[in-house]
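# Survey of secondary and tertiary structure
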Amino acid sequence: MPKVVVGATGTPGSLAALHKAAAQARVRDAELWVVLAWQPPGGELGSRNGLGPAALAECRAAVVERLRDVLDTAFGAVHPGVTLAGLTVRGTAGAALVDTARDPDDLLVVGTGSRAAWRRLVRPSVARYCLAHAACPVLAVPPSPLQAELDVVHRRNFWRMPLDLRELAR
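Here we summarise the structure given alongside this text. (Residues numbered from 1 in each chain as written. Predicted model: local features only at pLDDT ≥ 70, side-chain atom pairs only at ≥ 80, totals over all residues. Heavy atoms only, no water.)

### Regarding helix α7 (residues 145-158)
Taking 1.5 Å of rise per residue, 14 residues should cover 20 Å, and α7 covers 20 Å from first to last C-alpha, within 8% of that figure. In the stretch just after α7, R160 is the one whose phi turns positive, near 55°. (Helix = DSSP H or I, 4+ residues; strand = E, 2+ residues; numbered from the N terminus. Expected span 1.5 Å × (residues − 1).)

In structure tokens form, the structure reads like this:
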């Protein structure tokens, strides 16, 4: 059976991608696989230098709980209407998504994330990685216009800029 694979972190962009993936899974009559990738504190190098099996098990349990919270936030009590599978993968997000959606019949849905240049320097783009390495079609979901407006408000609050009342009239 074909599957629609989507990454989920709980951000507004990933929730938009999750809803788009659920819609695509209904149209394609496919399973919806929601992937949450994780790395131990300090990265893989940090796990080799002191994190024992108990700490790693605790991290994994926290990630599983986070995935449950993301799915509850996205769908609540309403079932998405398709077979749903949650998957936590230890590794980087791009590699985890590409490895999960390895069949040519699959569809990989990713959020494009922030378009800010400084963010791209600090964090590599998962969407770009998936577009370059996926063996199946990739659907890139742009950020919501509401997210852009929210970012403007956060910047205004950070720099303590007054609100221009003319903007509310738009």
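Read on for the rest.
### Section: the pattern of salt bridges
What the rule picks out here adds up to 3 salt bridges. A salt bridge links K3 to D103, with the nearest nitrogen and oxygen atoms 4.0 Å apart. With K3 in strand β1 (residues 3-7) and D103 in the loop between α4 (93-100) and β4 (107-111), the pair connects residues that are 100 residues apart, well separated along the chain. Using a relative accessible area of 11% as the deciding quantity, one classes K3 as buried. Between D106 and K3 there is a salt bridge, with the nearest N and O atoms lying 3.3 Å from each other. Of the two residues, D106 is situated in the loop between α4 and β4 and K3 in strand β1; the sequence distance between them amounts to 103 residues. Both residues of the pair, D106 and K3, belong to the buried class. Among the ionic contacts, a cluster of salt bridges with common partners joins K3, D103 and D106. (Salt bridge = Lys/Arg side-chain N within 4 Å of Asp/Glu carboxyl O. Buried < 20%, exposed > 50% of the residue type's maximum accessible area, 1.4 Å probe, protein only.)

### What to know about the sheet that holds strand β2 (residues 31-38)
Spatially, β3-β2-β1-β4-β5 is the arrangement adopted by the 5 strands of the open sheet, whose pairing is parallel. Strand pairing shows two members of the sheet lacking a second neighbour, β3 (84-90) and β5 (138-141), which therefore form its edges. Neighbour-to-neighbour, the strand axes of the sheet open up by a mean angle of 25°, direction not taken into account. Bridge count between β2 and β3: 7 bridges; the pairing is parallel. Residue pairing across strands places W38 opposite R90, the latter belonging to β3. Sheet strands touched by helix α1 (residues 12-28): β1, β2, β4 and β5. Its angle to β1, the strand with the most contacts, is close to 180°. (Pairing = 2+ DSSP bridges. Axes fitted to C-alpha atoms, helices over the stretch in contact; angles between N-to-C directions. Contact = heavy atoms within 4.5 Å.)

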